[in-house]
Amino acid sequence: MYQYQLLELQQRLLYAEKENIKRSHELNSALDEIKHIVARRMNVTKKNTGDIKWKDLNLPRKLPMHLTNMYYYLPHLREYVDAIFPNVIFGQQRTGVSLVMGIPMVKREKQDYLIDTLHSLLYQLSEEQKKDCIIIIFIAEVNAEYVKSVAESVKTSFPREVQSGVLEVISPPASYYPDFSNLEKTLGDSEDRVRWRTKQNLDYSFLMLYAQPKGTFYLQLEDDIIAKPDYIESIKSFAAQQSQDWMVLEFSQLGFIGKLFKSEDLPLIVDFFLMFYKDKPIDWLIDHLLWVKVCNPEKDATHCEKEKSKLRIRAKPSLFQHMGIYSSLAGKIQILKDKDFGKNLLYKAHNNPPAKLDTSLKIYQQYTLEKVYKGEDCFWASAPVAGDYIRFTFLNPLEVEKYLFRSGNLEHPGDKLFNTTVEVLPADETLRKELHYNGNKFNYPATKAGYLKIGAFENGIAEGNINKSIGRIQAIRLSVNSDSPFWAILSEVSMSIKAFLLFIIKLILVLSII
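Residues numbered from 1 in each chain as written. Predicted model: local features only at pLDDT ≥ 70, side-chain atom pairs only at ≥ 80, totals over all residues. Heavy atoms only, no water.

- Naming follows an unreviewed UniProt entry, where the chain appears as MGAT4 family member D of Cyanistes caeruleus.
- Entered under Pathway (unreviewed entry) in the UniProt record, the comment concerning the chain runs "Protein modification; protein glycosylation." (UniProt positions renumbered as here; feature names shortened; annotations may be inferred.)

Right, dumping it as structure tokens:
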């Protein structure tokens, strides 16, 4: 009996694949039409990032992608014409990128992790990488006030990424969801859990179909993860190495985190999800889909696993780590860690010259300024206010060639220094007095104390060369110019001087101790 049902299911999937091929021309022409419409309306979109209904773009009423089967699996949609079109809260309708990342999020009882997740994903991305990707945040809630508050939080935290089109925020119409009150309990799960996983399956499906025409690959993420800084290059490199046809590349061993799909496969995958969205969790459904595609009921489980491994390929080490504690399922505590992610590198050591260190910031626990300067740990302090400073006073005045200060780290990418300047104090007292009256001698503004403002933090990093004509430097100071709502981490401090000079200084210090 089961064998007959499985064979019937395989035939249905083969039919679905044929239908996908048949409709590919229709999809391409619809996508071209979308691009033309978006191009004509881009100026309007840039000026107004308020709520935009997908229907307001005047797209053809004929569905632009493989969505017609949704009416079969979700018959209530026949009563609501626009139920499968998202509310685009903001976005520049970017298309043609290599990588589209999808992040579904729902309201949690105690703590949201979205902003930290976005900080981690955007941390150290180059401008070129940002131009070739899209991160879609799908707020899977129908409460308008909550959706608006999350969207505003994203816009406030990442204004440049929103304006450039890297970030998009969408939400579903309330009519997209069916009635969840009469779901059949399966797998021994409680009614709440069945309702939660059923809605989750529909959320993934909605997000995947929205993302499908935007890029070559689709990466499924969650709203409570951190990423390794080089994750995009690692994904591209691993995908390029694959010689065989694959269906999913896994960059995390946990659940549905870090799963990469070819966008062209998404309609088929979503079809399968919708067939069984009420029956099983999403990660189980993916496994069943692979079973249907390649497993032979007449052969054993070992053969089946071998065949599935050709379609589902695991990359190591993992590129994403689960960080959340409070699950989106109310009342559930979920402490999951990917053992293949490895230890997070939270600071970077450099060979800095001897200096006296002081700060007005309130230091958190053992994370002192001395630790980051010596490369033993990061520096961590509570939220800075205007007038706060971090100062490095050299024991002997030095000619510093260049500097680097990096704030934030992998686990706390949002704990950066904002509106903070880098200032140097020339060792020559006569020069300092002159600067008080003529700060433009080096084309740098000067403070009353004789410091020259030579740089500033941008996106959490301050780095640059120091003009040789300034001469020897007595101190380098980081000055906070406005209150910050975030705590501050310094994860890297580098003061570069000539290697031979540094050796001589340290030798003198050793001899003086002896």
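**Quick look at the overall build of the chain**
Right, on to step 1. Tallying secondary structure elements over the chain gives 14 helices and 20 strands in all.
Right, on to step 2. Within the chain, the fraction of its 514 residues that count as buried is 52%.
Right, on to step 3. Pairs at least 24 apart in sequence give 76% of the contacts found in the chain among residues at least 6 apart. (Helix = DSSP H or I, 4+ residues; strand = E, 2+ residues; numbered from the N terminus. Buried < 20%, exposed > 50% of the residue type's maximum accessible area, 1.4 Å probe, protein only. Contact = heavy atoms within 4.5 Å.)

**Brief notes about the packing of aromatic side chains**
Right, on to step 1. As enumerated under the stated definition, the model contains 22 aromatic pairs in all.
Right, on to step 2. With a centroid separation of 6.3 Å and an interplanar angle of 70°, the aromatic rings of F256 and F273 are classed as edge-to-face. Of the two residues, F256 is situated in the loop between β8 (248–250) and β9 (259–262) and F273 in helix α9 (residues 266–275); the sequence distance between them amounts to 17 residues. Residue F256 shares its accessibility class with F273, and that shared class is buried.
Right, on to step 3. An angle of 45° between the planes, with centres 5.7 Å apart, marks the rings of F418 and F486 as tilted. Of this pair, F418 sits in the loop between β15 (402–407) and β16 (420–426) while F486 sits in the loop between β19 (473–480) and β20 (488–496), placing them 68 residues apart in sequence. (Phe/Tyr/Trp six-rings, centres within 6.5 Å; stacked < 30°, edge-to-face > 60°.)

**Topic: the pairing of β9**
Right, on to step 1. Judged by which residues are buried, β9 turns out to be covered on both faces: K259 and F261 on one side and L260 and K262 on the other are all buried.
Right, on to step 2. Taken together, the 2 bridges between β8 and β9 define a ladder with antiparallel strand orientation. In the strand pairing of β9, L249 is matched with L260. (Pairing = 2+ DSSP bridges.)

**Brief notes about the state of the cysteines**
Right, on to step 1. A full pass over the atoms with the stated rule returns 1 disulfide.
Right, on to step 2. The disulfide partner of C295 is C304, and the S-S distance across this bridge is 1.9 Å. Of note, the bridge from C295 to C304 carries an S-S torsion of about 75° and is right-handed in sense. Like C295, the residue C304 is buried in the burial classification. (Disulfide = S-S within 2.5 Å.)

**Some details on the side chain of Q129**
Right, on to step 1. If you trace the backbone, Q129 turns up in helix α4 (residues 127–131).
Right, on to step 2. In this structure, Q129 is in contact with Q124, I232 and E233, ignoring residues within four places of it in sequence.

**As for the nonpolar core**
Right, on to step 1. Counting residues in hydrophobic clusters, the biggest one holds 50 residues, and the most contacted among them are M208, F261 and I269.
Right, on to step 2. Counting only elements with at least two residues in this core, the list comes to α2 (70–73), β3 (97–105), β4 (133–139), α7 (191–211), α9 and α10 (282–294).
Right, on to step 3. Tallying contributions element by element places α7 first for this core, with 9 residues.
Right, on to step 4. Those residues in contact with I269 that lie beyond four places of it in its chain are M208, M247, F261, I286 and L289.
Right, on to step 5. Grouped together as the second largest cluster of nonpolar side chains are 45 residues, I89, L167, I235 and L260 included. (Core = buried A, V, L, I, M, F, W, Y, C linked by side-chain atoms within 4.5 Å.)

**Quick look at helix α8 (residues 231–241)**
Right, on to step 1. Here α8 has its buried residues at Y231, I232, I235, F238 and A239. Buried residues along α8 cover an arc of 135° about the axis, so they all sit on one side. The outward face of α8, more than 90 degrees from its buried face, is lined by the exposed residues A240 and Q241. (Arc of directions from axis to C-beta.)

**What about the confidence of the model for the chain?**
Right, on to step 1. Taken residue by residue, the chain gives an average pLDDT of 82. The fraction at 70 or more is 78%.
Right, on to step 2. The low-confidence segment residues 37–65, where pLDDT is below 50, has 55 contacts with residues more than four positions distant or belonging to other chains. (pLDDT = per-residue confidence, 0-100.)

**Things to note about the pattern of salt bridges**
In a structure, side chains of opposite charge can pair up when their charged atoms sit close to one another.
Right, on to step 1. A complete count under the given rule lists 21 salt bridges for this structure.
Right, on to step 2. Here K199 and D203 are joined by a salt bridge, their closest N and O atoms 2.8 Å apart. One end of the pair, K199, and the other, D203, are both in helix α7, 4 residues apart, so they sit about a helical turn from each other. Both residues of the pair, K199 and D203, count as buried.
Right, on to step 3. Among the charged side chains, a salt-bridge network with shared partners connects E250, D287, E305, K308 and R312. (Salt bridge = Lys/Arg side-chain N within 4 Å of Asp/Glu carboxyl O.)

**Some remarks on the sheet that holds strand β18 (residues 461–465)**
Right, on to step 1. Spatial ordering of the open sheet is given by β13-β20-β15-β18, a layout of 4 strands whose pairing is antiparallel. Pairing within the sheet leaves two strands with one partner each, and these edge strands are β13 (379–381) and β18. On average, each strand axis in the sheet is tilted by 20° relative to the strand beside it, whichever way the strands run.
Right, on to step 2. Looking at chain direction, β13 and β20 are connected through 3 bridges and run antiparallel. Counted as the bridge partner of W380 is I489 from β20. (Axes fitted to C-alpha atoms, helices over the stretch in contact; angles between N-to-C directions.)

**What to know about the sheet that holds β19**
Right, on to step 1. Strand order across the open sheet formed by 5 strands is β12-β14-β19-β16-β17, with antiparallel pairing between neighbours. Looking at the sheet topology across the chains shown, the edges are occupied by β12 (355–359) and β17 (452–456). In this sheet, neighbouring strand axes are inclined to one another by 20° on average, regardless of whether the strands run parallel or antiparallel.
Right, on to step 2. In terms of strand pairing, β12 meets strand β14 (residues 389–398) through 5 bridges, oriented antiparallel. Bridge pairing in β14 links D358 to R391.

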